[in-house]
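Coordinates in review
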Amino acid sequence: WTGVAPSFSRGASPELAGLFCLSGYIPQPHRVPLTASPPPSVLLMHGDADDVIPYDAGEMTVRFFRGRGWDVKFQGFGGLGHKVNREELTLLCRWL
């Protein structure tokens, strides 16, 4: 998981602008505080041929956050293992 913070003026505290995750998941969702505020944007991408972190784990993470009312964008990639491809990077760059 990687957080994205916008630029901010000196002395001000940055606020989280978004989160993205490539081929990952939340292993212990019960540890996410119930009071956690959703970031403005969340993007998860996962290959369905991932042999390190199963695709289902990524989908479970999406369901978990959506169940809490978070606006989550999910993009699956057919045939992609536990790596990054050009299409994934292109989508990430557009999202950023």
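Analysis parameters
Residues numbered from 1 in each chain as written. Predicted model: local features only at pLDDT ≥ 70, side-chain atom pairs only at ≥ 80, totals over all residues. Heavy atoms only, no water. Phe/Tyr/Trp six-rings, centres within 6.5 Å; stacked < 30°, edge-to-face > 60°. Helix = DSSP H or I, 4+ residues; strand = E, 2+ residues; numbered from the N terminus. Buried < 20%, exposed > 50% of the residue type's maximum accessible area, 1.4 Å probe, protein only. Arc of directions from axis to C-beta. Polar contact = N/O pair within 3.5 Å; in protein donor to acceptor, adjacent residues only side chain to side chain. Salt bridge = Lys/Arg side-chain N within 4 Å of Asp/Glu carboxyl O. Contact = heavy atoms within 4.5 Å. Pairing = 2+ DSSP bridges.

**A look at the packing of aromatic side chains**
Summed over the entire model, instances satisfying the criterion amount to four aromatic pairs. Seen from their ring centres, F20 and W95 are 5.9 Å apart, and the 70° between their planes marks the pair as edge-to-face. Pair noted here: F20 is in strand 2 (residues 18-22) and W95 is in helix 2 (residues 86-95), with a separation of 75 residues, a long-range link. What links up through ring pairs into an aromatic cluster is the set F64, F65 and W70.

**Thoughts on helix 2**
Inspection of helix 2 places E88, L92 and W95 among the buried residues, and these make up the whole buried set. Down the axis of helix 2, the buried side of the element spans an arc of 60°, and every buried residue falls inside it. Opposite the packed face of helix 2, turned more than 90 degrees from it, sit the exposed residues R86, C93 and R94. In this structure N85 caps helix 2, since a side-chain oxygen of it lies 3.3 Å from the backbone nitrogen of E87.

**Observations concerning the pattern of salt bridges**
Opposite charge on two side chains allows them to pair when their charged atoms are near. Scanning the model with the defined rule gives one salt bridge in all. In this structure, the salt-bridge partner of D71 is K73, at a minimum N-O distance of 4.0 Å.

**Some points on the environment of H82**
By secondary structure assignment, the location of H82 is in the loop between strand 4 (72-77) and helix 2. Residue classification places H82 among the partly exposed positions, given a relative accessible area of 37%. Here the alpha-carbon distance between H82 and I53, two residues 29 residues apart in the chain, equals 7.3 Å. Reaching out from H82, the side chain makes a polar contact with the side chain of D50 at a distance of 2.7 Å.

**Points about the environment of P40**
Along the chain, P40 falls in the loop between strand 2 and strand 3 (42-47). Apart from the residues lying within four places of it in its own chain, the contact partners of P40 are L16, A17 and G18.

**Section: the environment of N85**
Mapped onto the secondary structure, N85 falls in the loop between strand 4 and helix 2. Among the residues examined, N85 registers a relative accessible area of 24% and is labelled partly exposed. A C-alpha to C-alpha distance of 9.6 Å links N85 and G47, two positions 38 residues apart in sequence. Those residues within four positions of N85 in sequence are excluded, and the remaining contacts are F77 and L80.

**Quick word on the pairing of strand 2**
The element strand 2 is largely enclosed, with a buried count of four among its five residues. Where strand 2 lies against strand 3, four bridges are found, and the strand directions are parallel. Looking at the pairing, F20 lines up with L43 of strand 3.

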